[in-house]
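Residues per chain are reported as follows:
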Amino acid sequence: MTESTQTPRISTRIGSIAESATLAVDAKAKALKAQGRPVIGFGAGEPDFPTPDYIVAAAVAASQDPVNHRYSPAGGLPDLKVAIVDKTQRDSGYAVEPANVLVTNGGKQAVYNTFATLLDPGDEVILPTPYWTTYPESIRLAGGVPVDVFAGADQGYLVTVDQLEAARTERTKVLLFCSPSNPTGAVYPPEQVEAIGRWAVQHGLWVVTDEIYEHLLYDGATAPSLPVLVPELADTCVVLNGVAKTYAMTGWRVGWMLGPKDVVKAATNLQSHATSNVANVSQRAAIAALQGSLEAVDEMRTAFDRRRQTMVSMLNEIDGVECPTPQGAFYAYPSVAGVLGRTIRGRTPQTSVELAEIILEEVEVAVVPGEAFGPSGYLRLSYALGDNDLAEGVGRIQELLRGAR
């Protein structure tokens, strides 16, 4: 067999997947730190707080109980499903049943399961942009086609119904909705959420709504759940969530999807062949998290709010940088279009990828370029890190860009 006729070693489907840019930046920053470099990383969306003690204690107890050493239902522990039902009613006023719940290995598996269950090849998914890096890859893996709808800093990163309608075609099946947003921290006001939901109902579209940042809100912002504001949407809506961001449990890998029973049953069948059950100890920890007090969550949010204000203020002091104030999550998403094309220590970046490289190499600060989330010209910085590191890291960027000409 000649080289030109050899069968590719990697399938086209998997070979076309882009690496997670946020995890890649975080890995590079950690590798440099391991070499003794004073790198400050703004890449990963990961709280710097430890998981609250009462959750860890529940996990320790669970690990000592032999019942958790065995397989459990692929769709999730019954007790956790009930806890998710109760939590959903408590936090968003959305009434569901355990049969509407699938517990997944983190929020990413909930995203993948949902698109794999809903999409056939060629189905289009309207994707408000900037978007989280995993959304378009999961859509493509399911055979779907992501259709970007961009809203920039001038719109507060919020797409309009008119923009969504302009992107709709006869192949459109799903709208992806995320508020508070990763990567921008933007939060849609209730009236806009309702208008988007009613537009989806009018055109018979599914909505996949990611509520993972629901508790991280500032300045009096609210993030009402779409199927609560638009009850007619409930039969064509999947809600994604998890414990990672709210309870500083990124490594525990517990997420879930809420949806119509037929969709949840089909997604559970998929998961039964892919990963089976989520680790039982992690599920027991999640039960403790959801049934416990939100006091620790409030303390973390207070710290995030303080860091948010510091970061936005410092970024907006940089000539050529425009950073809207995020109302949710723990990300700032400044436009750096005014910096591109300037010379920085002998280098002239034309894209935010090139600018991010210069920032890392010149002042040892890791940020994620806008290309990971859509168009060039932006950077994402997470403020889920210590106050001192935050001020030092943004201060280094200020000093670097102060000399840009």
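Treat the numbers as computed from the prediction; the structure is a model and nothing was measured.

Undergrad: Please set out the overall build of the protein chain residue by residue, giving values where relevant.
TA: On a plain count of helices and strands, the protein chain comes out with 14 helices and twelve strands. What you see for the protein chain is a C-alpha radius of gyration of 21 Å, in line with the 22 Å of a compact globule of 405 residues. Per-residue burial for the protein chain yields a buried fraction of 54% across its 405 residues. Counting only contacts in the protein chain whose residues sit at least 6 apart along the sequence, the fraction spanning at least 24 positions is 73%. Carbon and sulfur atoms form 51% of the exposed surface of the protein chain, whose accessible area is close to 17,000 Å². Between the mean site of the 32 positive side-chain charges and the mean site of the 46 negative ones, the protein chain shows a separation of 5 Å.

Undergrad: I'd love a proper account of the packing of helix 12 (residues 295-316) against helix 14 (residues 387-402), names of residues and values included.
TA: Running from N to C, helix 12 and helix 14 cross one another at 10 degrees; their axes reach a closest spacing of 10 Å. By the angle class used here, helix 12 and helix 14 are roughly parallel. Contacts from Arg306, Arg307, Thr310, Met311, Met314 and Leu315 in helix 12 reach Asp387, Leu390, Ala391, Val394, Gly395 and Gln398 in helix 14. When its residues are assigned to classes, the contact of helix 12 with helix 14 shows six nonpolar, three polar and three charged.

Undergrad: Break down the packing of aromatic side chains for me, with residues and values.
TA: Here the structure, examined in full by the defined rule, presents twelve aromatic pairs. The interplanar angle of 85 degrees and the centroid separation of 5.2 Å between the aromatic rings of Trp132 and Tyr135 together place this pair among those described as edge-to-face. The two residues Trp132 and Tyr135 agree in class, both being buried. Pairing Tyr333 with Phe373 gives two aromatic rings, centres 5.9 Å apart and planes at 75 degrees, and the pair type is edge-to-face. Here Tyr333, found in the loop between strand 9 (331-332) and helix 13 (352-363), pairs with Phe373, found in the loop between strand 11 (368-369) and strand 12 (379-382); they are 40 residues apart in sequence, far enough to count as distant. For Tyr333, a relative accessible area of 1% puts it in the buried group. Among the aromatic side chains, those forming a connected cluster through ring pairs are Phe49, Tyr213, Phe304, Phe330 and Tyr331.

Undergrad: Give me the lowdown on the pairing of strand 6 (residues 206-210), citing residues and values where you can.
TA: When you tally the buried positions in strand 6, you get five out of five residues, the bulk of the element. Residues Trp206, Val208 and Asp210 line one face of strand 6 and the alternating positions Val207 and Thr209 line the opposite face, and both faces are buried. With five bridges connecting them, strand 5 (residues 172-178) and strand 6 associate as parallel partners. Paired with Leu175 across the strands is Val207, a residue of strand 6.

Undergrad: I'd like a description of a nonpolar patch on the surface, backed by residues and values.
TA: Taken together, the side chains of Ile10, Ile14 and Ile17 present a nonpolar region at the surface, about 250 Å² in accessible area. Structurally, Ile10 is set in the segment before helix 1 (12-15). The exposed category is assigned to Ile10, whose relative accessible area is 52%.

Undergrad: Which residues make up the state of the cysteines, and what values go with them?
TA: Summed over the entire model, instances satisfying the criterion amount to zero disulfides. In this model Cys178 remains outside any disulfide bridge; the closest cysteine sulfur is found in Cys237, 13 Å from its own. The buried category is assigned to Cys178, whose relative accessible area is 11%. The thiol of Cys323 is unpaired, and the distance to the nearest cysteine sulfur, on Cys178, comes to 17 Å. Residue class for Cys323 comes out buried when judged on its relative accessible area of 4%.

Undergrad: I'd like a description of the packing of helix 5 (residues 106-118) against helix 10 (residues 261-274), backed by residues and values.
TA: In contact at an axis separation of 9 Å, helix 5 and helix 10 are set at 115 degrees when each is read in the N-to-C sense. Comparing the axis directions of helix 5 and helix 10 gives the class roughly perpendicular. You can see that helix 5 and helix 10 cross each other, and the crossing is right-handed. For the pair formed by helix 5 and helix 10, the contact residues are Gln109, Tyr112, Asn113, Ala116, Thr117 and Leu118 on the first element and Val263, Ala266, Ala267, Leu270 and Gln271 on the second.

Undergrad: Summarise the sheet that holds strand 6; cite the residues concerned and give the values.
TA: Taken in spatial order, the seven strands line up as 2-8-7-6-5-3-4 in an open sheet, and their pairing is mixed. A single partner strand is all that each edge strand has here, and the edge strands are strand 2 (101-104) and strand 4 (145-150). Looking at each pair of strands side by side, their axes are set apart by 20 degrees on average, direction ignored. Note that strand 2 and strand 8 (residues 255-258) share four bridges and pair antiparallel. Across the sheet, residue Val103 finds its bridge partner in strand 8, namely Trp256. Of the strands in this sheet, strand 2, strand 7 (237-242) and strand 8 are in contact with helix 4 (residues 78-92), which crosses strand 2 at around 110 degrees.

Undergrad: Which residues make up the side chain of Asn182, and what values do they have?
TA: For Asn182, the location among the structural elements is in the loop between strand 5 and helix 8 (190-202). In terms of polar contacts, Asn182 uses its side chain to reach the side chain of Arg380, at 2.7 Å. Ignoring sequence-local partners within four residues, the contact set of Asn182 consists of Tyr131, Trp132, Tyr213, Tyr331 and Arg380.

Undergrad: Which residues make up the sheet that holds strand 9, and what are the values?
TA: Spatially, 9-12-11 is the arrangement adopted by the three strands of the open sheet, whose pairing is antiparallel. The open sheet has two edge strands, strand 9 and strand 11, and neither has a second partner. Taken together, the two bridges between strand 11 and strand 12 define a ladder with antiparallel strand orientation. Looking across to strand 12, one finds that Pro369 is bridged to Leu379. Lying on the sheet, helix 13 is in contact with strand 11 and strand 12; it crosses strand 12 at an angle near 45 degrees.

What counts, and where the lines are drawn
Residues numbered from 1 in each chain as written. Predicted model: local features only at pLDDT ≥ 70, side-chain atom pairs only at ≥ 80, totals over all residues. Heavy atoms only, no water. Helix = DSSP H or I, 4+ residues; strand = E, 2+ residues; numbered from the N terminus. Rg over C-alpha atoms; globule rule 2.2 N^0.38 Å. Buried < 20%, exposed > 50% of the residue type's maximum accessible area, 1.4 Å probe, protein only. Contact = heavy atoms within 4.5 Å. Areas by Shrake-Rupley, 256 points an atom, 1.4 Å probe, with all protein chains shown as cover. Lys, Arg positive; Asp, Glu negative; His and termini not counted. Charge placed at Lys NZ, Arg CZ, Asp CG, Glu CD. Axes fitted to C-alpha atoms, helices over the stretch in contact; angles between N-to-C directions. Parallel < 35°, antiparallel > 145°, perpendicular 65-115°, else oblique. Nonpolar A, V, L, I, M, F, W, Y, C, P; charged D, E, K, R; others polar. Phe/Tyr/Trp six-rings, centres within 6.5 Å; stacked < 30°, edge-to-face > 60°. Pairing = 2+ DSSP bridges. Patch = residues over 30% accessible without salt bridge, like charges linked within 9 Å, V, L, I, M, F, W, Y side chains within 5 Å. Salt bridge = Lys/Arg side-chain N within 4 Å of Asp/Glu carboxyl O. Disulfide = S-S within 2.5 Å. Left-handed = near helix turned anticlockwise from the far one by under 90°. Polar contact = N/O pair within 3.5 Å; in protein donor to acceptor, adjacent residues only side chain to side chain.

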